[in-house]
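# Structure assessment
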Amino acid sequence: VISNRYGAYYFYKPTRSGQVLKEKLIGYDGPVLTDGFSGYNVLQEIGIPQANCWAHARREFLPLEGHDPGVKPILDQIDELFAVERRARSFSELKILRATESSVILDRLKELLLNERQRSRDGSQKKKAIEYTVKRWDGLTMFISDTRLPLSNNEAERTIRHAVMGRKNYYGSGSHSGAATAATLFTIIESCKKNDIDPRGFILMCLQRVASTEELETPLAYARRTRHH
């Protein structure tokens, strides 16, 4: 799934190869935020800036919080980053907050990580968590210079959760073509929900337009047009 606050795009492929993402992003020149899955490294091959997810980095430290006192200051600094984001009321305000406050938090956090790495035992879970974060530092800090980027890919995680949970109830799609059809319907329904549109009404409108050979609209375009009028 590819998702932001205006829409969601589901697509089905029988493989998680990075080549799939490469095909889907032809012609796109903005940044992409992902988790640490290695298949996303293909973004570098096609010149797309790859940002990384702070929620995934934070998750690496969570199991250690209860028994390692060196972990709590790290988690506190990460939580501070998210707290700064919540205070912003506009993108212009967010840009200022990130430059003046988030950047300072990042400096403190990196110092903590490097100090704890020296004290961590090779092969330990904490050392692995620190290495995970430090290795992706450029991608984790890209949001400072690009306000289009959120701190995490939680939006996409929430978007795909509906399909994953539903699959447990209807036991999958039964065929490759069925999965592709389901992905199309998920795309329409979730994009309607993100734009506060009734999915059934939107699908009915689309079917009527298809029958009369009229041009179709995306849920975002439909929402903007109907609210304008």
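Our subject in this report is the structure included herewith.

Rules and cut-offs
- Residues numbered from 1 in each chain as written.
- Predicted model: local features only at pLDDT ≥ 70, side-chain atom pairs only at ≥ 80, totals over all residues.
- Heavy atoms only, no water.
- Axes fitted to C-alpha atoms, helices over the stretch in contact; angles between N-to-C directions.
- Helix = DSSP H or I, 4+ residues; strand = E, 2+ residues; numbered from the N terminus.
- Parallel < 35°, antiparallel > 145°, perpendicular 65-115°, else oblique.
- Left-handed = near helix turned anticlockwise from the far one by under 90°.
- Contact = heavy atoms within 4.5 Å.
- Buried < 20%, exposed > 50% of the residue type's maximum accessible area, 1.4 Å probe, protein only.
- Core = buried A, V, L, I, M, F, W, Y, C linked by side-chain atoms within 4.5 Å.
- Nonpolar A, V, L, I, M, F, W, Y, C, P; charged D, E, K, R; others polar.
- Expected span 1.5 Å × (residues − 1).
- Arc of directions from axis to C-beta.

### With respect to the packing of helix α8 (residues 154-170) against helix α9 (residues 176-194)
Relative to each other, α8 and α9 sit at 130°, their axes nearing to 12 Å. Taken together, the axes of α8 and α9 are oblique relative to one another. Relative to α9, the crossing made by α8 is right-handed. For the pair α8 and α9, contact is made by Glu155, Thr159, His162, Ala163 and Tyr170 and by Phe186, Glu190, Lys193 and Lys194, respectively.

### Focus on the side chain of Gln77
Inspection of the secondary structure assignment puts Gln77 in helix α4 (residues 72-87). Under the relative-accessibility criterion, Gln77 is labelled buried at 14%.

### Quick notes on the nonpolar core
Of all hydrophobic cores here, the largest spans 30 residues; its most connected members are Trp54, Phe61, Leu81, Leu109, Leu113 and Phe143. Residues in contact with Phe143, not counting those within four places in the same chain, are Trp54, Leu81, Glu85, Arg98, Ser102, Leu106, Leu149, Pro150 and Leu151.

### Notes on unusual backbone geometry
Positive phi values are uncommon outside glycine, yet Asp196 reaches one of about 60°. Along the chain, Asp196 turns up in the loop between α9 and α10 (199-211). Look at Asp196 and you get exposed, because its relative accessible area is 68%. A positive phi angle is found at Thr213, which is not glycine, with a value near 55°. Among the structural elements, Thr213 can be located in the loop between α10 and α11 (219-228).

### Topic: the packing of helix α5 (residues 91-119) against helix α6 (residues 125-135)
Look at α5 against α6: their axes get within 10 Å of each other, and the N-to-C directions meet at 145°. Here α5 runs over α6; the crossing is left-handed. Along the contact surface, α5 presents Leu113, Glu116 and Arg117, while α6 presents Lys126, Lys127, Ile130, Glu131, Thr133 and Val134. Of the residues in the contact of α5 with α6, the class split is 3 nonpolar, 1 polar and 5 charged.

### Digging into α10
In an α-helix, one turn spans 3.6 residues; hence positions three or four apart end up facing the same way. A rise of 1.5 Å per residue sets the reference length of α10, with its 13 residues, at 18 Å; its end C-alpha atoms lie 18 Å apart and thus fit the reference within 8%. Of the residues making up α10, those classed as buried are Pro199, Phe202, Met205, Cys206 and Arg209. Along the axis of α10, the buried positions cluster into a sector of 125°, meaning they face one direction only. Of the exposed residues in α10, those oriented more than 90 degrees away from the buried face are Arg200, Leu207 and Ala211.

Limitation: the analysis is restricted to geometry and does not speak to function.
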